[in-house]
Amino acid sequence: RKISKRGRRIVFKVINPADKDTRKVGDPAFELSIEKPNTVIFLAGPCPRNNYEEDWRNEAIEYLKEAGFDGVIFNPTNPYYDASDPLYLEKQTEWERKAMLMSDKVVFWIPRTEEHPALTTNIELGEFLVNEKIDKILIGMPDFATKNEYIKIRLKMLNKHYDIDLKALMCR
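Notes on the structure in this doc start here. (Residues numbered from 1 in each chain as written. Predicted model: local features only at pLDDT ≥ 70, side-chain atom pairs only at ≥ 80, totals over all residues. Heavy atoms only, no water.)

Remarks on the overall build of the chain
Line of reasoning, step 1. In terms of regular secondary structure, the chain is built from five helices and five strands.
Line of reasoning, step 2. Ordered by position from the N terminus, the helices and strands of the chain form the series β-β-α-β-α-β-α-β-α-α.
Line of reasoning, step 3. Of the roughly 10,100 Å² of accessible surface on the chain, a fraction of 52% belongs to carbon and sulfur atoms. (Helix = DSSP H or I, 4+ residues; strand = E, 2+ residues; numbered from the N terminus. Areas by Shrake-Rupley, 256 points an atom, 1.4 Å probe, with all protein chains shown as cover.)

A few points about empty space enclosed by the protein
Line of reasoning, step 1. Scanning the model with the defined rule gives one cavity of 30 Å³ or more in all.
Line of reasoning, step 2. The space that makes up the largest cavity amounts to roughly 40 Å³.
Line of reasoning, step 3. Taken together, Arg97, Leu101, Glu127, Phe128, Asn131 and Lys133 make up the lining of the largest cavity.
Line of reasoning, step 4. At the level of secondary structure, the elements contributing two or more residues to the lining of the largest cavity comprise α2 (86–102) and α3 (119–130).
Line of reasoning, step 5. Residues that form the lining of the largest cavity fall into these classes: two nonpolar, one polar and three charged. (1 Å grid on protein atoms, 1.4 Å probe; cavity = no way out; pocket = protein on both sides within 12 Å on 5 of 7 lines; lining within 4 Å. Points joined across faces, edges and corners; volume = space filled by probe spheres on them. Nonpolar A, V, L, I, M, F, W, Y, C, P; charged D, E, K, R; others polar.)

Rendered as structure tokens:
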């Protein structure tokens, strides 16, 4: 067991909606219950639809490990997502919403492309911008990302910083 500088056990756990230990009813986890560790982070942004090895979250998680992150990471990428099941989207959405609300920080990385338009991300980000939860979020988008101009203008209006480098974002 690793011990932090403050004498507490270091917790580093990634929870995903397909994890058996977080699932009580159906796929993905319908009920979420975790023992509250030092910090809980939700990784928000577009999820891959098929090539999960290229998910930006893998790199983000590595940056957190390197930085000695002490806590739980909610990763919504679900390689078992079943688009043919009409209830699956509802369960996945409910899992994500609960995980975001349980999180201390919601980290938005928006590498928007034509292939990954991040439409759901727009809704999630908007909820945090208008519900006075702006201090709970960190935001980033790489230079190559398309159609993020409106978000950049809104962030400027709100005096909210955004990063253009994923490592810089994850190490804040």
